[in-house]
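# Structure assessment
Here is what each chain is made of, one letter per residue.
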Amino acid sequence: MDQLQPDEQLQQQQQQSTSDTSTNDIWNYVVFVAFVVVSALIPIRKRLCRRSSNSKSKQDYVFGAGHISTLAMMLSIARGTLGVISVLGYPSEFFYRGSAMWESLYGVITAYPIVCFVFIPVYFDLGITSVYQYLELRFNSRLVRCLASGTYIIRTLLSLGVTIYTPTVALNTIIGVPYWVSLLSITVITIFFNALGGLKAAVAADVIQSLSMTAMLVGIIIYCSITVGGVDKILTISSDNDRFAFFNFATDLHLRVTTTSAWLGELFNSLSLLGCQQNFVQRYLSMPTFGQIRRTLMLNIPVVILLFSLPWFVGMAIYAIYWHCDPLKASVIAKMDEILPYFMVDRFDSVPGVWGIFVGTLFNGALTLNISNINSLATVTWEDFLSLVPALRKKSDTHQLNVIKLVGTVYAVVIMGVGFIVGLLSGVIESSMLIISATSGPLLGVFVLAMFIPFANWKGAALGMLASHLSILWIVVGRLIESNVSEPLLDTSIEGCYADLMEAQKNATLLVAVALEEGVNAVETSTLLNRIYSITYLYYGVFGTVLTVLAGVVVSLATWSSHDVYNMKMLHPAVRWLYSRCPFSGKHFGSFEVAGKGYGAGMKEAVPRC
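Residues numbered from 1 in each chain as written. Predicted model: local features only at pLDDT ≥ 70, side-chain atom pairs only at ≥ 80, totals over all residues. Heavy atoms only, no water.

The subject of this paragraph is the overall build of the protein. The number of helices and strands found in the protein is 24 helices and two strands. Among the 610 residues that make up the protein, the fraction classed as buried is 53%. Across the protein, the fraction of contacts at a sequence separation of at least 24, relative to all contacts at a separation of at least 6, is 84%. With the model as given, the accessible surface of the protein reaches about 26,300 Å², and the carbon-plus-sulfur share is 65%. (Helix = DSSP H or I, 4+ residues; strand = E, 2+ residues; numbered from the N terminus. Buried < 20%, exposed > 50% of the residue type's maximum accessible area, 1.4 Å probe, protein only. Contact = heavy atoms within 4.5 Å. Areas by Shrake-Rupley, 256 points an atom, 1.4 Å probe, with all protein chains shown as cover.)

Below you can see the structure in the form of structure tokens.
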């Protein structure tokens, strides 16, 4: 038999390679679809199988009727620290900027006991559905309640828009699915899930997502450890290339991240999220006793440390693979956030189903987070806005539940629209952190006024929130429009890449030189406004909280009247103890008397005790 010509052999090899690739792609598509479908159906399987006997009340939809296990609740609460954005963003953050942002973990850990022992005792026994109802009880003002609810709704809508857009980048890059198809799919599944689920189903979805995402990240770390020669090798490579940057206590507010800004900024952000945001407080209040809440939050600290740190370890592991051949510098990828999806395709394209699981996990992560938050958004909208309409308030419990689900459907569509808008922008990781930081301060500040300032009234709370919102909004807009905020990346190498990529290094070097020159010019022409705009966004939550409290105190002292009297049981127990010993020299702000059952049941005529 004649030998095949070299051209024919090459052609056959190419055909075989194409055939293998097509087979692998089919397997990946099947795995992706199966993973998403199964993950979405498991939490609502009972509802699908026994629909007639499993009808839900509004209370069951909102709080899960107290049937959620402690372990499941722990994973659901911790799930907030392991979103899709962190899974894609933290590895790239470590690769290109080092470990400095990792220290925001200090703030998260510090926030848990504060929320547990400071915030939860104040409104645990109120018997409320919306946490913002507490503000109305404290200030006797629907306006303050609506301002806080509106802040939460706007922040969550914007954050979820960024969240659901993030996996569409991976889907488009790896599979080629158009952005609009991914966004529409997430929205349709969310609407279906929201109609049949509730808090219990949302918690179950969070548990599935937490376990699957953790398994995926651990698998990546194991693979990289074997590839480079052990965990110690991963640590050595990162250390030798200046990726570790811990315990930098510089006081310059304009540095992007230091130990101080990471800890303090994340502390205020986490207090606002964990202690003042409906989706988290809703989970606490679904538990029957304060003891269970305390156990859940305290036991959750090591879980949060693990889940928060995993993406950073993944960043270290991927850096150990590509430290000598940066895909971004070599122009293989267009954005730094694409480093993890690129790694999955580069290393596992020949293994059937692997990147299908990866993309499915990202897709499902955005989906479950969307579902979980929509449940809380719809609840807050009903309790704080729609329940004011007499015609709706008089409806039956079943009718009210249907209205809440309809509101959730509307929000799902709105979030999809925000996702399309995010697609026109850049820097989704920075955008997400900017949204959280910019909106945390006013929300946390008004709760601090309510719990700890006896003479705070509704006028001070409302004006404090408005002043904080407007001030932070001014800084954010100035930062986005006028400020030349310099955030240089750490040095990377392409010396280990192929020879035909060396030209990219020359181009990158030229671009860096131009950027440095522009940075120098920006510093030379710096003005006071630019100095304000270039303050790191990690401090926005701190500034917003302080400004809300200060403005609220000043206005309250200037406007206090007998009409502002309130039930002193709304204050933190420690503040009530101090107040009962007359620290204000006989100044009367309210009564300790309670009428009816529970703090929110009503208030007798004020009978000052000091």
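Moving on, there is more to tell.
All told, the structure shown has eight salt bridges when counted by the stated rule. Across the salt bridge formed by Arg97 and Glu93, the nearest N and O atoms sit 3.7 Å from each other. Note that Arg97 and Glu93 are positioned in helix α5 (residues 84–97) at a spacing of four residues, about one turn of the helix. Here Arg97 falls in the buried class, since its relative accessible area comes to 18%. (Salt bridge = Lys/Arg side-chain N within 4 Å of Asp/Glu carboxyl O.)

Evaluated as defined, the whole model comprises one disulfide. In this model, Cys325 is linked to Cys497 through a disulfide, with the two sulfur atoms separated by 1.8 Å. A torsion of 115° about the S-S bond marks the disulfide between Cys325 and Cys497 as right-handed. Placement of Cys325 in the loop between α14 (290–322) and α15 (339–348) and of Cys497 in the loop between α20 (458–481) and α21 (502–524) is noted, with a sequence separation of 172 residues between them. (Disulfide = S-S within 2.5 Å.)

The subject of this paragraph is the packing of helix α12 (residues 259–276) against helix α23 (residues 540–559). Any two packed helices are characterised by how steeply their axes cross, that is the angle between the axes, and by the distance between the axes. Remark: α12 packs on α23, axes separated minimally by 7 Å, with the N-to-C direction vectors making an angle of 60°. Here α23 runs oblique to α12, going by the angle between their axes. Judged by the twist between their axes, the crossing of α12 over α23 is left-handed. Here Leu264, Gly265, Phe268 and Asn269 of α12 come into contact with α23, specifically with Gly541, Val542 and Thr545. For the contact of α12 with α23, the class distribution of residues is three nonpolar, four polar and no charged. (Axes fitted to C-alpha atoms, helices over the stretch in contact; angles between N-to-C directions. Parallel < 35°, antiparallel > 145°, perpendicular 65-115°, else oblique. Left-handed = near helix turned anticlockwise from the far one by under 90°. Nonpolar A, V, L, I, M, F, W, Y, C, P; charged D, E, K, R; others polar.)

Shape descriptors only; they carry no functional weight alone.
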